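# Breakdown of the fold
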Amino acid sequence: MLCSAQTYCRVASTRQITNSDGYFPQINYQGTQVLYSDTEARYLYLYDLQSGERTTVSSQGMPGFEGRFAPDGKVYYITMAVNPDHLIFRTGHEYDPATGHDRVILSAQHGAVHAINGSKDLAVVGESKQWHLREAGVVAWTLGPKLYVSRGGTINVYTPVRNCAGYLWASVSPDGKKVLFEAVGKGLYVCDAATGEVMAHSTTSFMMPCWFNNDYIVGQTKSYRIVLIPADCSGQQTLASGSCTMPMVAGKNIIYTTKGGAVRLISIILKGEEGYDESQATTPPQSSTRNNNSDDESQDHDQ
C-alpha cells in the first residue's frame, strides 16, 4: 500500500562541487570544506569551498573509503595494509586542515575500523581497540546482525531484527536518543538508543541513511534518488533524482554524488522554518508508508 505524496521541505539551492571523479563525499559542519575520493578510493582530497583549492590529505592505504569530519573541522580517516599472512590491518589517522599535520590516533589492528560521528564528537572504532569513544557521547555501529551502541564508553549490544543477514549504516540522531540502520532484506529501522527497541520501520530499503536532524532522515533509494524521510518512516520526499548516490549530512548540509562522480551540495528549508514557501516545494508522485510492503522500484516507476 502506498500513501499519498508528502512534502516536508523545499530545496533552497543546489551547488555542484566537482564535475567528475568525486566519490564518498563529506562536508564539514561549518559548511566550508568538502572531503571526497577518486573512484577506487586511492586518494582522499580536501576541497575548500571558498578558495577553490584542493589538497591531498592522503594517497596511502586506500584512505578514501572512511574519511570523516569531526565537529571541530578536523579530518579522520582509515588506511589499510596487508601483512605477510595476507591479513588486512587498518589504522586510524587524524588530519588537521588548519596546519596540515597528520598523526596516527589508532594503531593498526585486524578487522573492521570506522570513523563514526556520535552525538557529541567523533570516535574511531575497531573490533579490538577504540579511540575517543567515551568523549563522543552516544555512538552506534554494526557488525553482522548486531547493533552496538556506546553511551559514554559503555557498549551495549542489541539484536532488534531477528533472522537477518546483517545490519548496515548505523547512525545516531543529534540528540542521542534514536539510532537508525538498514537491515539487509528487511528495510529501514529506527530504534531507541537506550533500549534497542524498534520505534519505526519501513520495508522500503534506503542506502546510506543518515540523520538530517532529530526528526528527519536522508537516504538513497534503489532508483538513485536522494530523499527526505520522517523519523516515523511515514513517507518520503525526493530532494534530487538522476543517478544520485552516497548522501551524507553534517549540520544543515546535505552532500551527495552521482554515478559519474559529480559532487553536489543541497540546502533545504523545512516546513515551518523561516523562508519555507509551499508553492516552491516539490512533492514526489508517490511516498512510502510505515511498514509498507512496496519496494522502491514500484514507487519510482516511470518517474
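As shown above, the structure is provided for reference.
In this report, we go over the structure that sits alongside the text. (Residues numbered from 1 in each chain as written. Predicted model: local features only at pLDDT ≥ 70, side-chain atom pairs only at ≥ 80, totals over all residues. Heavy atoms only, no water.)

### Focus on the side chain of T257
- Within the element layout of this structure, T257 appears in strand β25 (residues 253–258).
- Within polar-contact distance, the side chain of T257 engages the backbone oxygen of G22 at 2.6 Å.
- When sequence neighbours within four positions are dropped, the list of residues in contact with T257 reads G22, Y23, P25, S243, C244, T245, M246, A262 and V263. (Helix = DSSP H or I, 4+ residues; strand = E, 2+ residues; numbered from the N terminus. Polar contact = N/O pair within 3.5 Å; in protein donor to acceptor, adjacent residues only side chain to side chain. Contact = heavy atoms within 4.5 Å.)

### Considerations on the sheet that holds strand β10 (residues 113–117)
- Strand order across the open sheet formed by 3 strands is β10-β11-β12, with antiparallel pairing between neighbours. Of all strands in the sheet, those with a lone pairing partner are β10 and β12 (130–131), marking the two edges.
- Note that β10 and strand β11 (residues 122–126) share 5 bridges and pair antiparallel. Considered in β11, the bridge of N117 is made with L122. (Pairing = 2+ DSSP bridges.)

### Side note on the pattern of salt bridges
- Per the counting criterion, the structure on display carries 4 salt bridges.
- When the shortest N-O distance is used, the salt bridge between R42 and D38 registers 3.0 Å.
- E40 serves as the salt-bridge partner of R42, at 3.5 Å between the closest nitrogen and oxygen.
- On the basis of relative accessible area, R42 is assigned to the partly exposed category, the value being 41%.
- According to the relative accessible area criterion, E40 is partly exposed, its value standing at 47%.
- Linked through salt bridges whose partners overlap, the residues forming this network are D38, E40 and R42. (Salt bridge = Lys/Arg side-chain N within 4 Å of Asp/Glu carboxyl O. Buried < 20%, exposed > 50% of the residue type's maximum accessible area, 1.4 Å probe, protein only.)

### Observations concerning the environment of Q130
- If you trace the backbone, Q130 turns up in strand β12.
- By relative accessible area, which is 35% here, Q130 ends up partly exposed.
- Every residue in contact with Q130, bar those within four places of it in the chain, is listed here: L106, V124 and V125.
- Of note is the side chain of Q130, whose polar atom sits 2.9 Å from the backbone oxygen of G126.

### Some details on the sheet that holds β25
- Across the sheet, 4 strands lie side by side as β1-β26-β25-β24; this open sheet has antiparallel pairing. Here the strands that pair on one side only, and so sit at the sheet edges, are β1 (9–16) and β24 (244–250). Averaged over all pairs of adjacent strands, the angle between their axes in this sheet comes to 25°, without regard to strand direction.
- Relative to β25, β24 runs antiparallel, the two being bridged by 5 bridges. Note that in β25 the partner of A250 across the bridge is N253. (Axes fitted to C-alpha atoms, helices over the stretch in contact; angles between N-to-C directions.)

### What about unusual backbone geometry?
- One non-glycine residue with positive phi stands out, namely D21, at about 55°.
- Checked against the element boundaries, D21 lands in the loop between β1 and β2 (23–27).

### Things to note about a nonpolar patch on the surface
- Taken together, the side chains of L168, W169 and V184 define a hydrophobic patch exposed on the protein surface, amounting to about 240 Å² of accessible area.
- With respect to the helices, strands and loops of the structure, W169 is situated in strand β16 (residues 167–172).
- Residue class for W169 comes out partly exposed when judged on its relative accessible area of 33%. (Patch = residues over 30% accessible without salt bridge, like charges linked within 9 Å, V, L, I, M, F, W, Y side chains within 5 Å. Areas by Shrake-Rupley, 256 points an atom, 1.4 Å probe, with all protein chains shown as cover.)

### What to know about the nonpolar core
- Residues F212, V218, L228, I254 and I268 are the most contacted members of the largest nonpolar core, which totals 29 residues.
- When residues of this core are traced back to their parent elements, those giving at least two are β3 (33–37), β4 (44–48), β21 (216–220), β22 (226–230), β23 (237–240), β24, β25 and β26 (264–270).
- Dropping the residues within four chain positions of it, L228 is found in contact with Y8, C9, F212, Y216, I217, V218, G235, Q236, Q237, L239, I268 and L270.
- Counting residues in each nonpolar core, the second largest holds 15 residues, with L147, Y158, Y189 and A193 among its members. (Core = buried A, V, L, I, M, F, W, Y, C linked by side-chain atoms within 4.5 Å.)

### A look at the pairing of β11
- With 5 of 5 residues buried, β11 lies mostly within the body of the structure.
- Covered by surrounding structure in β11 are L122, V124 and G126 together with A123 and V125, the residues of both alternating faces.
- Adjacent in sequence and paired antiparallel, β10 and β11 are bridged by 4 residues.
- Summarising the sheet, β11 and β12 pair through 2 bridges and their orientation is antiparallel. By the bridge assignment, V124 is partnered in β12 with W131.
- Here β11 hands over to β12 after 3 residues, the two strands then running antiparallel side by side.

### As for the packing of aromatic side chains
- Per the stated rule, a full pass over the model turns up 8 aromatic pairs.
- On the numbers, 5.3 Å between centres and 70° between planes, the contact of F24 with F65 is edge-to-face. With F24 in strand β2 and F65 in the loop between β5 (54–58) and β6 (68–69), this residue pair connects regions lying 41 residues apart in the sequence.
- A relative accessible area of 38% means that F65 is categorised as partly exposed.
- Between the aromatic rings of Y36 and Y45, the centroid separation amounts to 5.5 Å while the plane-to-plane angle is 45°, which identifies the pairing as tilted. As far as burial versus exposure is concerned, Y36 and Y45 are alike and both buried.
- Following the ring pairs from residue to residue traces out a cluster consisting of Y36, Y43 and Y45.
- The ring of Y45 has R54 lying over it, and the distance from NZ or CZ to the ring centre is 3.8 Å.
- Above the ring of Y224, the side-chain terminus of K259 is found at 3.9 Å from the ring centroid. (Phe/Tyr/Trp six-rings, centres within 6.5 Å; stacked < 30°, edge-to-face > 60°. Lys NZ or Arg CZ within 6 Å of the ring centre and 35° of its normal.)

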